[in-house]
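The chain contents come next:
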Amino acid sequence: MGEGRNRGPKVRRAEAGDARAIARVHVNTWRQTYRGIVPDAVLDALSVDEREAMWRRAARPRPAGGLFVAETESGVVGFAVSGLEERGRSDFPGEVYALYVLPANQGQGLGTRLFRAAVRSLSEAGLDAVLVWVLKANPYRRFYEKLGGELVDEGSVELGGVRLPTVAYGWRELAAWLEVRR
Ligand SMILES: CC(C)(COP(=O)(O)OP(=O)(O)OC[C@H]1O[C@@H](n2cnc3c(N)ncnc32)[C@H](O)[C@@H]1OP(=O)(O)O)[C@@H](O)C(=O)NCCC(=O)NCCS
């Protein structure tokens, strides 16, 4: 069997060397998803160089969770990152901070695989619940609802001087969720 030939997309832990590819996915997906939702100035100012530095740091080992990429023969097409929830919510100790798949690669199950990998890495660290914050106007909210996320909170985030409403989806009993939702 030829190594690396004709394999389907793979989901794996990211390495520092993936940072630039992740940054490209990040910038492209933000611009295509959030145009008309997030101020143009924020989207136009996104810089692959800046994001690369950020994702290089995010690839380092962390106490719980991690950074994962979806990779096809043409390279990295999606990523997810999870870790400790940092606002002090004891009922949801874990968070999926970000999940993005390039538009051309959406709808093929990669988002689900990335989300599961990000959640599994929290569960393996002993965390039993996770939440994810999403812009209220995000057209992809159904993705989280389909995965069984429940609306557990509302908030807002400031981007480019504009305050945008957000919602949080939550999952409890992660070990059971990972078993059932194969
Ligand atoms: C949300 C996202 C990560 C999902 O990844 P994906 O690889 O497309 O997801 P999957 O193929 O695993 O799809 C799972 C379910 O999500 C939903 N979904 C997928 N694409 C969708 C779309 N374009 N619009 C609405 N729902 C969609 C569907 O219900 C799908 O289930 P189905 O195939 O049985 O109908 C991805 O579409 C994405 O990056 N979107 C833009 C950025 C974004 O909003 N990210 C989340 C920010 S917090």
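See the structure above.
Focus: helix H1 (residues 19–34)
End to end, H1 covers 22 Å across 16 residues, agreeing with the expected 22 Å (1.5 Å per residue, within 8%). Listed as buried for H1 are Ala19, Ile22, Ala23, Val25, Thr29 and Tyr34. Taken end-on, H1 shows its buried residues confined to a sector of 160°, consistent with a single buried face. The inward-facing, buried residues of H1 abut helix H2 (40–45), helix H3 (48–58), strand E2 (67–72), strand E3 (75–84) and strand E4 (94–101). Once H1 ends, the next one or two residues include Gly36, with phi positive near 90°.

Some thoughts on the site of the ligand
Around the ligand, the surrounding shell holds 18 residues, and the nearest of these are Gln106, Gly111, Thr112, Tyr140 and Phe143. Counting only elements with at least two residues in the shell around the ligand, the list comes to H1, E4, helix H4 (110–124) and helix H5 (141–146). Looking at the shell around the ligand residue by residue, the classes come out as 7 nonpolar, 9 polar and 2 charged.

Section: the pairing of strand E6 (residues 150–159)
Consecutive side chains of a regular strand alternate in pointing toward one face of the sheet and then the other. Little of E6 is tucked away: 0 of the 10 residues are buried. Bridge count between E6 and strand E7 (residues 162–172): 9 bridges; the pairing is antiparallel. Bridge pairing in E7 links Val157 to Leu164. The hairpin formed by E6 and E7 contains 2 residues between the paired strands, and Gly160 there has a positive phi angle of roughly 60°.

Examining the nonpolar core
The tendency in soluble globular proteins is for nonpolar side chains to be buried side by side. Of all hydrophobic cores here, the largest spans 41 residues; its most connected members are Ile22, Phe68, Phe79, Ala80, Leu114, Ala118 and Val130. Only H1, H3, E2, E3, E4, H4, strand E5 (129–135) and E7 provide two or more residues apiece to this core. A per-element tally of this core places H4 first, with 7 residues. Non-local contacts of Phe79, meaning those with residues more than four positions away in its chain, are made with Ala14, Ile22, Val25, Leu67, Phe68, Val69, Tyr100 and Leu114.

The rules behind these values
Residues numbered from 1 in each chain as written. Predicted model: local features only at pLDDT ≥ 70, side-chain atom pairs only at ≥ 80, totals over all residues. Helix = DSSP H or I, 4+ residues; strand = E, 2+ residues; numbered from the N terminus. Expected span 1.5 Å × (residues − 1). Buried ≥ 20, exposed ≤ 12 C-beta atoms within 10 Å, placed from the backbone. Arc of directions from axis to C-beta. Contact = placed C-beta atoms within 7 Å. Near = placed C-beta within 6 Å. Nonpolar A, V, L, I, M, F, W, Y, C, P; charged D, E, K, R; others polar. Pairing = 2+ DSSP bridges. Core = buried A, V, L, I, M, F, W, Y, C linked by C-beta atoms within 7 Å.

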